[in-house]
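The chain contents come next:
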Amino acid sequence: MNAYSTRLVALLALLVIAVALPFAFDPRGYAIRILCLALLFAAMAQAWNIVAGLANQVSLGHAAFFGIGAYTSTLLLIHFGLSPWFGMIAGAVLGGLAALLISLPTMRLRGHYFALATLAFGEVMRVIANSWGGLTGGPVGISVPFAPPDLAMLQFKETRPYYWLMLAALVLVTAIFLTIKRSRLGYRLRAIKENADAAEVIGVDTTRTKIVAAVISGMITACLGTLYAQFQFFFDPDTVFGVASVSVRMAMIAIVGGIGTAAGPILGAFFVIPLEEFANQIFSAQAAGLSQLVFGLLLIAVILIEPRGFMAIGPRLKRLFGKGES
């Protein structure tokens, strides 16, 4: 069996384990909800990875697309009774248009200038959602109407179906990421990441390439916003448009796991999300802000140990053992 076959068998075995995993937990328990959130944020970080990981355009405004997806599907369900699946499509269109709108003036920026511009866009969307109370419910928030359990309405009696939906979303987004990475678009994005000026010299339209990647990333993130809304049943502008709760968390998960890799966001999400929940459970009742402090210190320690993320630990160990053998 060659290396490719071995890797394929391992991936299939891992997928089978992932599909069967919910049966080990209470179908309405807390643990399976954490697993759902880990899968969802892994998919979100993977979508963020398309722009930041491949082209080194670090966005801090992806919460704008996430919130657009959540509000679009929920408002269409409330006012027109449309299935969240149709709302997801509408949200993806609006998310893509928003990504195009913000990309046109900002994709010529680089480094922290681009990050600050996207951060401002996300904050503008949060302020609009808080101010436009007649449509969004404002700071009070908005609730998803309850419907009979049905796949068409993305509502279920138990949490297990949500888990499988989140897992399917993660697999699909990861497949999209890998397809882009191995395509012409992916090669152009990596050329931009290595040296944007050199990429321009060899004929790469750097601005257009980055805009295409941003639109794809924005559309995917908006779709995931719909899944979040249907899973949580209630949200407010600070939750879905929040810089720390969405944009920074996406980036943090990808960076901790290994930016620019397919497995990085998955490893990062299954470390960051459970760790955050564990810190909240253990320390939140002891002193105000203590859980966030402990969580932040642990993340800093991880990043200091391996700044390139978990995906760099394997090669490092391989080099160490290789030296030991020689």
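If you're wondering where the values come from, they're calculated on a predicted model, not measured in any experiment.

1. Remarks on the overall build of the chain
In step 1: Across its full length, the chain carries 15 helices and two strands.
In step 2: Expected size for 326 residues packed as a compact globule is a radius of gyration near 20 Å; at 20 Å, the chain falls within 12% of this value.
In step 3: Among the 326 residues that make up the chain, the fraction classed as buried is 48%.
In step 4: In the chain, 74% of the contacts between residues at least 6 apart in sequence involve partners at least 24 apart.
In step 5: For the chain, the exposed surface amounts to about 16,100 Å²; the carbon and sulfur share of it is 70%.
In step 6: On the chain, the mean spot of the 22 positive side-chain charges and the mean spot of the 14 negative ones are 9 Å from each other.

2. Focus: the packing of aromatic side chains
Two measures describe an aromatic ring pair: the distance that separates the ring centres and the angle between the ring planes.
In step 1: Under the defined criterion, the tally for this structure stands at nine aromatic pairs.
In step 2: Centre to centre, the rings of Y162 and F231 are 5.4 Å apart; their planes meet at 70°, and the pair counts as edge-to-face. Within this pair, whereas Y162 is found in helix α7 (residues 160-182), its partner F231 is found in helix α10 (residues 206-232), the two being separated by 69 residues in sequence.
In step 3: Grouped by ring-pair contacts, the aromatic residues Y71, F235 and F241 constitute a single cluster.
In step 4: R33 extends its terminal NZ or CZ atom over the ring of F231, reaching a point 4.3 Å from the ring centre.

3. Regarding the nonpolar core
In step 1: Grouped together as the largest cluster of nonpolar side chains are 85 residues, with contacts concentrated most on M44, Y71, L224, L227, F235 and V240.
In step 2: For this core, the leading source of residues is helix α2 (residues 30-55), giving 19 residues.
In step 3: Once you skip the residues sitting within four places of it in the chain, Y71 turns out to touch A129, T136, I142, F235, D236, P237, V240 and F241.

4. Overview of the side chain of T206
In step 1: Its location among the elements puts T206 in helix α10.
In step 2: Relative accessible area serves as the criterion here: at 6%, T206 is assigned to the buried category.
In step 3: A polar atom in the side chain of T206 sits 2.4 Å from the side chain of E200.
In step 4: Discounting chain neighbours no more than four positions away, the residues touching T206 are I192, A196, A199 and E200.

5. Some remarks on the side chain of Q155
In step 1: When you line up the elements, Q155 lands in the loop between β1 (142-143) and α7.
In step 2: Reaching out from Q155, the side chain makes a polar contact with the backbone oxygen of P145 at a distance of 2.8 Å.
In step 3: Those residues within four positions of Q155 in sequence are excluded, and the remaining contacts are V144, P145, F146, A147, P149, D150, Y162, Q230 and F233.

6. Observations concerning the packing of helix α3 (residues 63-80) against α10
In step 1: Interhelical geometry of α3 versus α10 gives an angle of 50° and a closest axis separation of 6 Å. One finds that α3 runs oblique with respect to α10. For the pair α3 and α10, the sense of crossing is right-handed. Two secondary-structure elements touch here, α3 through F65, F66, G69, A70, S73, T74 and L77 and α10 through G218, T221, A222, L224, G225, T226, Y228, A229 and Q230.
In step 2: Along the lines of polarity and charge, the residues of the contact of α3 with α10 split into eight nonpolar, eight polar and no charged.

7. So, a nonpolar patch on the surface
In step 1: Judged by side-chain polarity, F80, L82, F86, I89, V93, L94, L97, L100 and L104 come together as a nonpolar surface patch covering roughly 880 Å² of accessible area.
In step 2: Among the elements that line the nonpolar patch, the one with the most residues is helix α4 (residues 84-106), at seven residues.
In step 3: Checked against the element boundaries, F80 lands in helix α3.

8. Quick look at α3
An α-helical turn contains 3.6 residues, so a residue and the one three or four places further along point in the same direction.
In step 1: Between its first and last C-alpha, α3 extends 25 Å over 18 residues, near the 26 Å set by a 1.5 Å rise per residue.
In step 2: Judged by how many residues are buried, α3 sits mostly within the fold: 15 of 18 residues are covered.
In step 3: Backbone geometry just after α3 places G81 at a positive phi near 70°.

9. Points about the pattern of salt bridges
In step 1: Evaluation of the coordinates by the stated rule reveals three salt bridges.
In step 2: Between E123 and R126 there is a salt bridge, with its nearest N and O atoms 3.0 Å apart. Taken together, the positions of E123 and R126, both in helix α5 (residues 111-131) and three residues apart, correspond to about one turn of that helix.
In step 3: Residue E123 is classed as partly exposed on the basis of its relative accessible area of 27%.
In step 4: Note on R126: relative accessible area 21%, which makes it partly exposed.
In step 5: Close ionic contact of D238 with R126 constitutes a salt bridge, the shortest N to O distance being 2.9 Å. Placement of the pair is D238 in helix α11 (residues 237-240) and R126 in helix α5, with a sequence separation of 112 residues.
In step 6: Salt bridges linked by common partners bring E123, R126 and D238 together as one network.

10. Description of the environment of E200
In step 1: With respect to the helices and strands, E200 occurs in helix α9 (residues 196-201).
In step 2: A residue is classified by how much of its surface remains accessible, and E200, at 41% relative accessible area, is partly exposed.
In step 3: For the pair E200 and V173, spaced 27 residues apart in sequence, the C-alpha separation works out to 29 Å.

Analysis parameters
- Residues numbered from 1 in each chain as written.
- Predicted model: local features only at pLDDT ≥ 70, side-chain atom pairs only at ≥ 80, totals over all residues.
- Heavy atoms only, no water.
- Helix = DSSP H or I, 4+ residues; strand = E, 2+ residues; numbered from the N terminus.
- Rg over C-alpha atoms; globule rule 2.2 N^0.38 Å.
- Buried < 20%, exposed > 50% of the residue type's maximum accessible area, 1.4 Å probe, protein only.
- Contact = heavy atoms within 4.5 Å.
- Areas by Shrake-Rupley, 256 points an atom, 1.4 Å probe, with all protein chains shown as cover.
- Lys, Arg positive; Asp, Glu negative; His and termini not counted.
- Charge placed at Lys NZ, Arg CZ, Asp CG, Glu CD.
- Phe/Tyr/Trp six-rings, centres within 6.5 Å; stacked < 30°, edge-to-face > 60°.
- Lys NZ or Arg CZ within 6 Å of the ring centre and 35° of its normal.
- Core = buried A, V, L, I, M, F, W, Y, C linked by side-chain atoms within 4.5 Å.
- Polar contact = N/O pair within 3.5 Å; in protein donor to acceptor, adjacent residues only side chain to side chain.
- Axes fitted to C-alpha atoms, helices over the stretch in contact; angles between N-to-C directions.
- Parallel < 35°, antiparallel > 145°, perpendicular 65-115°, else oblique.
- Left-handed = near helix turned anticlockwise from the far one by under 90°.
- Nonpolar A, V, L, I, M, F, W, Y, C, P; charged D, E, K, R; others polar.
- Patch = residues over 30% accessible without salt bridge, like charges linked within 9 Å, V, L, I, M, F, W, Y side chains within 5 Å.
- Salt bridge = Lys/Arg side-chain N within 4 Å of Asp/Glu carboxyl O.
- Expected span 1.5 Å × (residues − 1).

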